[in-house]
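Coordinate inspection notes
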Amino acid sequence: MDKKPKRMVPEVRFKGFTDDWEQRKLGEISNKISDRNKTDEKLPVLTNSAEYGIINQNKFFDKQIANKTDNYYIVKNNDFVYNPRISKLAPYGPVRRNLLSISGLMSPLYYVFRPHSVDFSYLEFYFKSSKWYKFMYQNGDSGARSDRFAIKDSIFCTMPIKLPSPKEQTLVGELLRGIEKLLSLQQRKLEQLKQLKKAMLRQLLASKELSPSIRFKNFTEAWEQRKLGDIGNVITGNTPSTKDKSNWTTDKNKGHIWITPTDINRKVLFDSERYLSDKGWLKARKIPKNSVLITSIASIGKNAINGIDAAFNQQINALILQNNNYYFVLSLMDKEKKRFEALAGQTATPIINKSTFSSFQLQIPSENEQNKIGNFFKKIDNLITLHQRETNILSNLKKFFLQNLFI
């Protein structure tokens, strides 16, 4: 029995669309632009930035320099550009659309094309997907150098692009544009929160010799210089024998968390990559919840709090606090990260031993003021975690649709 031909449809579609897509060549839905700059008009030089698109409009040529670019292409709004000859990101990108409302100049090294008979946003996001990579690998030439790539203009324009109806193209472009705008807004909020935290770390926390610039109401007492070993009990972690498999388990529900520097990717830890069995737990060095974990070998100064009782390896020193706010100390160590890193010196494997760690000095206020400051930074970190999670969701959603809305 003959097999039915494979339908030309994407994995995900908008409701109501069932027709097969058609295949067209890039040269059939766009025109190559060869308009050259032959005037003294001051046009910006556009840069094909992978991060922002063609957006650098700050670099204006004066008349003298403009004369040297009279062979540059004039790129108009909604034109697309690609460097088919020299690109570290080759063979697949970036292809970028000029979203500026102005024209600009682009080096003749670039292939500039102006789409027609296709939705601009659809084509823009098609080139942000991976659907055209195979064509580039099959038809490009990296030559003798691994960081160079070339594809002839005459071949590039034959790239097959699969297209739905104009209405479906518009819906695809609008959906992805909407997700991208939400993602950009979310990233901006996240960055603003991170900058706010950085500023408040400088102003709410005292340095080694300086008082804080900002204080909560009714706190006027001077801060005291204290050693880490004076504000808590310092414990260095260990690793139960990895040769004895009975020390470990892959069952998360039965195991105990064992924290390494790799696990310190958030401020409060409730999980780990590896788990100790009951037997391994008995051999491990354990700490109660709300201890401050600080990496002291190799990756120096990564800080976190364990949200549950935990064990940890020898690259980490833990501080079990006595009459001090754990989140305040965590935040203060964030502020003093560079000064703490300097203790490790310039050895091949940076290390801060327990004695040096215990002697590290900090400016400490009363416990009540610590509680105020610690709760403030805890709220900021919770907001950062929330916005990071929302950013990741939007980023993954964008990746999903880029993979599944195109053929």
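Predicted, not measured: the structure shown is a model, and the values here were computed from it.

Examining the side chain of Glu124
- The topology assignment puts Glu124 in helix 2 (residues 120-126).
- In contact with Glu124, other than residues within four places in its own chain, are Phe80, Arg97, Leu99, Arg177 and Glu180.

Here we look at the sheet that holds strand 13 (residues 248-249)
- Taken together, five strands build an open sheet; the order of strands is 13-16-14-20-17 and the sheet is mixed. Across the chains shown, the open sheet's two edge strands, defined by having one partner strand only, are strand 13 and strand 17 (286-287).
- Pairing between strand 17 and strand 20 (residues 310-312): two bridges, direction antiparallel. Note on strand 20: the bridge partner recorded for Ile287 is Ala310.

Things to note about the sheet that holds strand 12 (residues 232-236)
- Spatially, 12-21-18-19-15 is the arrangement adopted by the five strands of the open sheet, whose pairing is mixed. Edge positions in the open sheet fall to strand 12 and strand 15 (268-269), since each of these has one partner strand only.
- Both strand 18 (residues 292-295) and strand 21 (residues 316-321) contribute to a ladder of four bridges, which runs antiparallel. The residue of strand 21 that forms the bridge with Leu293 is Ala318.
- On the sheet, helix 8 (residues 326-335) packs against strand 15, strand 18, strand 19 (303-306) and strand 21 and is oriented at approximately 165° with respect to strand 19.

Some points on the packing of helix 8 against helix 11 (residues 367-404)
- At a closest axis distance of 7 Å, the pairing of helix 8 and helix 11 adopts a crossing angle of 70°. As judged from the angle between their axes, helix 8 and helix 11 are roughly perpendicular. For the pair helix 8 and helix 11, the sense of crossing is left-handed. Of the residues in helix 11, those in contact with Tyr326, Tyr327, Phe328 and Ser331 of helix 8 are Gln370, Ile373, Gly374, Phe377, Lys378 and Asp381.
- For the contact of helix 8 with helix 11, the class distribution of residues is five nonpolar, three polar and two charged.

Observations regarding the packing of aromatic side chains
- Scanning the model with the defined rule gives 21 aromatic pairs in all.
- With 5.9 Å between their ring centres and 75° between their planes, Tyr126 and Phe406 make a pair best called edge-to-face. Placement of the pair is Tyr126 in helix 2 and Phe406 in the segment after helix 11, with a sequence separation of 280 residues. Each member of the pair Tyr126 and Phe406 is classed as buried.
- Relative to Phe401, the ring of Phe400 has its centre 5.4 Å away and its plane inclined at 70°; by these criteria the two rings are edge-to-face.
- Overall, Phe400 belongs to the partly exposed group, its relative accessible area being 40%.
- Judged by relative accessible area, Phe401 falls into the buried class, the value being 15%.
- Cluster of aromatic residues (ring-pair linked, three or more members): Trp21, Phe80, Tyr82, Tyr111, Phe113, Tyr122, Tyr126, Phe127, Trp132, Tyr133, Phe156 and Phe406.
- The residue whose ring lies beneath Arg274 is Trp248, and the NZ or CZ to ring-centre distance is 4.0 Å.
- It is Lys286 that lies over the ring of Trp281; its NZ or CZ is 5.5 Å from the centre.

Here is what the cut-offs are and how they apply
- Residues numbered from 1 in each chain as written.
- Predicted model: local features only at pLDDT ≥ 70, side-chain atom pairs only at ≥ 80, totals over all residues.
- Heavy atoms only, no water.
- Helix = DSSP H or I, 4+ residues; strand = E, 2+ residues; numbered from the N terminus.
- Contact = heavy atoms within 4.5 Å.
- Pairing = 2+ DSSP bridges.
- Axes fitted to C-alpha atoms, helices over the stretch in contact; angles between N-to-C directions.
- Parallel < 35°, antiparallel > 145°, perpendicular 65-115°, else oblique.
- Left-handed = near helix turned anticlockwise from the far one by under 90°.
- Nonpolar A, V, L, I, M, F, W, Y, C, P; charged D, E, K, R; others polar.
- Phe/Tyr/Trp six-rings, centres within 6.5 Å; stacked < 30°, edge-to-face > 60°.
- Buried < 20%, exposed > 50% of the residue type's maximum accessible area, 1.4 Å probe, protein only.
- Lys NZ or Arg CZ within 6 Å of the ring centre and 35° of its normal.

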